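Report on the structure
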Amino acid sequence: MESSRVMGFIGSPRRMGNTELIVDQILLGAKDRGLATEKTILSHSNINPCIACDNCEIKGSCFQDDDMPQLLTKMDESDIWILGTPVYWWGPTAQMKAFIDRWYGGRHVINFEGHKVILVIPFEDTDIRTGKFTEGMLMKTASYLKMEVLHSLLVPGVLHRGDVNGKDGILQEAYKIGNSLS
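Residues numbered from 1 in each chain as written. Predicted model: local features only at pLDDT ≥ 70, side-chain atom pairs only at ≥ 80, totals over all residues. Heavy atoms only, no water.

Some points on the overall build of the chain
Our working definition: By definition, any uninterrupted DSSP run of H or I lasting at least four residues is a helix, any uninterrupted run of E lasting at least two residues is a strand, and each is numbered from the N terminus. When we talk radius of gyration, it's over C-alpha atoms, and the globule rule is simply 2.2 Å times the number of residues to the 0.38. When a residue's accessible area, from a 1.4 Å probe over protein chains only, is under 20% of the maximum for its type it is buried; when over 50% it is exposed; and in between it is partly exposed. A contact between two residues is defined here by any heavy atoms of the two lying within 4.5 Å. Every accessible area reported is derived by Shrake-Rupley at a probe size of 1.4 Å, with residue values counting cover from the shown protein chains alone. His is not counted, nor are the chain ends, whereas Lys and Arg count as positive and Asp and Glu as negative. Where a charge lies is defined by one atom per residue type, namely NZ (Lys), CZ (Arg), CG (Asp) and CD (Glu).
Of regular secondary structure, the chain possesses seven helices and five strands. Reading the helices (α) and strands (β) of the chain from amino to carboxyl end gives β-α-β-α-α-β-α-α-β-α-β-α. In terms of overall size, the chain behaves like a compact globule, its C-alpha atoms giving a radius of gyration of 16 Å where 182 residues would be expected to give roughly 16 Å. C-alpha atoms of the chain, sized along the principal axes, occupy 50 × 45 × 25 Å. Counting across all 182 residues of the chain, residues that qualify as buried make up 47%. Long-range pairs, those at least 24 residues apart, make up 78% of the contacts in the chain with a sequence separation of at least 6. With the model as given, the accessible surface of the chain reaches about 9,200 Å², and the carbon-plus-sulfur share is 50%. For the chain, the distance from the average site of its 19 positive side-chain charges to the average site of its 23 negative ones is 2 Å.

Structure (structure tokens):
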């Protein structure tokens, strides 16, 4: 039996920030479990916004010349996706939102149904409800595309790079999530 492949997508433009640190721990746990892992930093990818031209509906593919075809291939080759985004004004970052918006045309390239997703949502506010809007949007997207959300990790009270290191048990929890995957 072939082992699962886990793909992490970092929606934060801040390198080695809280989002990336948490996703890295999930990936490390998965790797220690013997799974293949990979990480993509969305701010280092050229992802144009969807312009609602419906070329994907008419011709079966997006006309834009950017990195989305390669990202869709990585998604298709992976069984589990980690979507990591901090909360920016009660929603995902622009990088994550553009990536997800382009899944509209991606439905003609890959089958989203049955893929498994882990959500990682750190944010500055200490009120957990602040992360619920972003979580809700991502959960609804997963449900619409018939994907299974395995875990949703909301991490309040982290603003500055590395703040998550001072949050009791978060990085250990992230590692355990990754190490529980199969």
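Anyway, onward from the coordinates.
Focus on a nonpolar patch on the surface
Threshold: To count toward a patch, a residue needs a relative accessible area above 30% and no salt bridge. Like charges then connect within 9 Å, nonpolar side chains (Val, Leu, Ile, Met, Phe, Trp, Tyr) within 5 Å. Between Lys or Arg on one side and Asp or Glu on the other, a salt bridge is scored when a side-chain nitrogen of the former is within 4 Å of a carboxyl oxygen of the latter.
On the surface, a nonpolar cluster with roughly 590 Å² of combined accessible area is contributed by Y88, W89, W90 and F133. Mapped onto the fold, Y88 is located in the loop between β3 (80-84) and α4 (94-101). A relative accessible area of 40% places Y88 in the partly exposed class.

Details of the packing of aromatic side chains
As a reminder, the rule being used: Only centres within 6.5 Å qualify two rings of Phe, Tyr or Trp (six-membered ring in Trp) as a pair; their planes then separate them into stacked at under 30 degrees, edge-to-face at over 60, and tilted for everything else.
Counting across every chain of the model gives six aromatic pairs. Residues W81 and F112 carry aromatic rings whose centres are separated by 5.7 Å and whose planes lie at 80° to one another, so their mutual orientation is edge-to-face. Placement of the pair is W81 in strand β3 and F112 in the loop between α5 (103-106) and β4 (116-122), with a sequence separation of 31 residues. Judged by its relative accessible area of 0%, W81 is buried. Relative to F112, the ring of W103 has its centre 5.2 Å away and its plane inclined at 40°; by these criteria the two rings are tilted. Just as W103 is buried, F112 falls in that class too. Grouped by ring-pair contacts, the aromatic residues F9, W81, F99, W103 and F112 constitute a single cluster.

Brief notes about unusual backbone geometry
The phi angle at W89 is positive, at roughly 50°, despite the residue not being glycine. Along the chain, the position of W89 falls in the loop between β3 and α4. Owing to a relative accessible area of 75%, W89 belongs among the exposed residues under this scheme. Phi is positive for K146, which is not a glycine, with a value near 60°. Position of K146 relative to the elements: it lies in the loop between α6 (129-144) and β5 (148-155).

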